[in-house]
Amino acid sequence: MDAEQLMKTAKALVPEGKGLLAADESFPSIEKRFKTINLDSTEENRRAYRELLFDTKGMEEFISGVILFDETLRQSHQNGTPFPKFLENLGIIPGIKVDTGAKDMAGFPGEKITNGLDGLRDRLKEYYDKGARFAKWRSVITIGPGIPTRGCIQGNAFGLARYAALCQEANLVPIIEPEVLMDADNTIGRCEEVTEETLSEAFYQVRQHGVLLEGLILKCNMVVSGKKCSDQASVSEVAEATVRCLRRTVPTAIPGIVFLSGGQSPQAATEHLNAINSLGPHPWAITFSYGRALQEPALSVWKGQTGNLDTAKQNFFVRAKLNGLAQLGTYKPDMEPKATA
Ligand code: 13P
């Protein structure tokens, strides 16, 4: 393990005014996204779509790293450059999702446990050789009647910590992503309680497993009202609850915290990030690592057609830029484009 390199990479992922693009949708997830534009999930369509995003001129001003899926790491731009190299040439750090998905957890009805530790050491070596310099592992915590259980929270935290230790051994910066889902009808208070317990346990396990905190990034949910809750918290309530929760649970030794968007609209995700950073200074860099909230405006106009590429790229560029401003706390809702929002 090269501690210096890990710390340097971790810092480089969270510079001022930049964040991450999560473009690591698994086969089932990308199929779901393509369905919304009536596009078949073929290997070439997936390649072309990722090329659209990576080949958006100027996005590197706001994107520090891109999380890739295994297939994408092995694909190339139509000019022949492998995607990891293409991103590296833009000064963007290529990363890789390495878990193999959240599966039903035996003995814990309604809860999930993330798979992927078997054979991980060898896969990490290969990913490093192919140019990846950081990795991501997502675990999922579901809120519902009687859940999450301690068993689920602990089991997932253990997996995150084992994964993080293996990543650092392979000189890949681990992003640990314990995601508390926002799909239920719970209040923001319940989300805060569950997120606090989830993050506390994640960092307890990370410490138990000897992971270097300065060479690790946290990716988590914001503290929000469940989507089906009749009482939706305001932007400032979300920002205050999120910051309080992070301050209670996240060691200040880690260089950065990045958020998933989790089903928030693109504009809401940007507004929340901006409000959170406006409450700073914080002991860590806080930025975005959005999938849907960065991609939706591009995907929805692209529709798989070459003629729509320019508008799609423009939409992606605008979202990346506005989130870059939100990282600085200088975004304003009136900066939203009128026609392309
Ligand atoms: P969303 O921003 O679409 O939630 O995706 C981020 C991510 O990487 C989930 O693992």
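Everything here concerns the structure above.
All of these numbers come straight from a predicted model, not from anything done at the bench.

**Q** Can you break down the pattern of salt bridges residue by residue, with the values?
**A** Where charged atoms from two side chains of opposite charge come close, those side chains can pair. For the structure shown, the criterion picks out 19 salt bridges. For E25, the salt bridge is made with R50, and the minimal N-O distance between the two is 2.9 Å. Within this pair, whereas E25 is found in the loop between β1 (19–23) and α2 (27–35), its partner R50 is found in helix α3 (residues 43–54), the two being separated by 25 residues in sequence. R50 shares its class with E25; the two are buried. Residues joined in a network through salt bridges with shared partners are D24, K136 and E177.

**Q** Would you mind going over the site of the ligand in detail, with residue names and values included?
**A** As a matter of local geometry, the ligand sits amid 13 residues, with K136, K219, S261, G262 and R292 nearest to it. Protein burial of the ligand: of its 300 Å² of free accessible surface, 92% is covered by the chains. Judged by the proximity of its atoms to the pocket grid, the ligand belongs to the largest pocket. For the shell around the ligand, the secondary-structure elements that each account for two or more residues are β6 (134–141) and β10 (285–290). Across the shell around the ligand, the residue classes break down as three nonpolar, four polar and six charged.

**Q** Please set out the nonpolar core residue by residue, giving values where relevant.
**A** If you look at the biggest cluster of nonpolar residues, it comprises 85 residues, and the most contacted ones within it are F54, I176, L218 and L246. Counting residues in each nonpolar core, the second largest holds 14 residues, with L13, A22, V173 and V258 among its members.

Rules of the game
Residues numbered from 1 in each chain as written. Predicted model: local features only at pLDDT ≥ 70, side-chain atom pairs only at ≥ 80, totals over all residues. Heavy atoms only, no water. Salt bridge = Lys/Arg side-chain N within 4 Å of Asp/Glu carboxyl O. Helix = DSSP H or I, 4+ residues; strand = E, 2+ residues; numbered from the N terminus. Buried < 20%, exposed > 50% of the residue type's maximum accessible area, 1.4 Å probe, protein only. Near = heavy atom within 4 Å. Areas by Shrake-Rupley, 256 points an atom, 1.4 Å probe, with all protein chains shown as cover. 1 Å grid on protein atoms, 1.4 Å probe; cavity = no way out; pocket = protein on both sides within 12 Å on 5 of 7 lines; lining within 4 Å. Sits in = over half its atoms within 2 Å of the grid points. Nonpolar A, V, L, I, M, F, W, Y, C, P; charged D, E, K, R; others polar. Core = buried A, V, L, I, M, F, W, Y, C linked by side-chain atoms within 4.5 Å.

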